[in-house]
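Secondary and tertiary structure notes
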Amino acid sequence: VDKIGETARLVMDSMSDIVWAINPENDSMDQIIVRMRDVANDLLGSQDIAFYQTIDDAVATVHLPLEKRRDFFLIYKEALTNIAKYAQAHQVWIRLQRNELGLVLNIHDDGVGFDPHQSAGQDPLGGNGLKNMRVRAEKLGGMFTIQSAPGQGTRLTLQISVT
């Protein structure tokens, strides 16, 4: 019964993310930033993990079409979910910036880290999270990197081209 309840909550949460992503009212970068802050508060705040979010002013000029908005947001959410579940972090730093190459998201935690060079197909977090983030980054035409080592925390970087 507990497993069914957890699965139902996950499905409802996923549906909520999809509905949010396709809502035309959420078409601005300001709305994406608000949603990002809400997710960080929900996932990290509930674990008493301090987080510091820096959003560069130039990000406000970015427009992400529906498909990109959804994949970008889901990568962000999966990264924070992994931190909340597995990292045993005390602090997380989130930075979103726009540069000459596009939109850059950096997420860094001071958690336990992991070995990102484990054999292919073995997600160190026990699920499909890293694979899903990589697939979404490919769909975005972006670059996705993860740097981590046991005891050293984890740093995720996503870079995508934008107009």
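Attention now goes to the nonpolar core. Counting 40 residues, the largest nonpolar core has Phe-72, Tyr-76, Leu-103 and Ile-107 as its most contacted members. Elements supplying a minimum of two residues to this core: α2 (29-45), α3 (66-87), β2 (91-99), β3 (102-109), α4 (129-139), β4 (143-148) and β5 (154-160). When residues of this core are assigned to their parent elements, the largest contribution, 10 residues, is made by α3.

Looking now at α3. The end-to-end C-alpha separation of α3 is 30 Å, in line with the 32 Å expected for 22 residues at 1.5 Å each. Once α3 ends, the next one or two residues include Gln-88, with phi positive near 55°.

The next thing to look at is the environment of Tyr-76. Tracing the backbone shows Tyr-76 in helix α3. With a relative accessible area of 0%, Tyr-76 lands in the buried category. Residues contacting Tyr-76, with those up to four places away along its chain left out, are Met-36, Val-39, Ala-40, Gln-53, Ile-94, Leu-105 and Ile-107.

One open sheet holds the 5 strands; their spatial order is β1-β2-β3-β5-β4, and the pairing between them is mixed. Looking at strand neighbours, the two that pair on one side only are β1 (50-55) and β4, the edges of this open sheet. Pairwise comparison of adjacent strand axes, ignoring direction, gives a mean angle of 10° for this sheet. Pairing geometry for β2 and β3, over 8 bridges, is antiparallel. Paired with Trp-93 across the bridge in β3 is His-108.

The next subject is the packing of α3 against α4. α4 packs onto α3 with a crossing angle of 160° between their chain directions and a minimal axis gap of 9 Å. With respect to their mutual orientation, α3 and α4 come out roughly antiparallel. Once α3 is placed against α4, the crossing between them reads as left-handed. Across the interface between the two elements, Arg-70, Asp-71, Leu-74, Ile-75, Glu-78, Ala-79 and Asn-82 of α3 pack against Gly-129, Leu-130, Met-133, Arg-136, Ala-137 and Lys-139 of α4. Taken together, the residues that form the contact of α3 with α4 break down as 6 nonpolar, 2 polar and 5 charged.

Attention now moves to the pairing of β4. With burial as the criterion, only one face of β4 is covered, namely that bearing Phe-144, Ile-146 and Ser-148; the residues Met-143, Thr-145 and Gln-147 on the opposite face remain uncovered. Judged from the 6 bridges that link them, β4 and β5 form a sheet pairing that is antiparallel. The residue bridging Gln-147 from the neighbouring strand is Arg-155, located in β5.

Reading guide: rules and limits
Residues numbered from 1 in each chain as written. Predicted model: local features only at pLDDT ≥ 70, side-chain atom pairs only at ≥ 80, totals over all residues. Heavy atoms only, no water. Core = buried A, V, L, I, M, F, W, Y, C linked by side-chain atoms within 4.5 Å. Buried < 20%, exposed > 50% of the residue type's maximum accessible area, 1.4 Å probe, protein only. Helix = DSSP H or I, 4+ residues; strand = E, 2+ residues; numbered from the N terminus. Expected span 1.5 Å × (residues − 1). Contact = heavy atoms within 4.5 Å. Pairing = 2+ DSSP bridges. Axes fitted to C-alpha atoms, helices over the stretch in contact; angles between N-to-C directions. Parallel < 35°, antiparallel > 145°, perpendicular 65-115°, else oblique. Left-handed = near helix turned anticlockwise from the far one by under 90°. Nonpolar A, V, L, I, M, F, W, Y, C, P; charged D, E, K, R; others polar.

Geometric descriptors of this kind do not, in isolation, establish any biological role.
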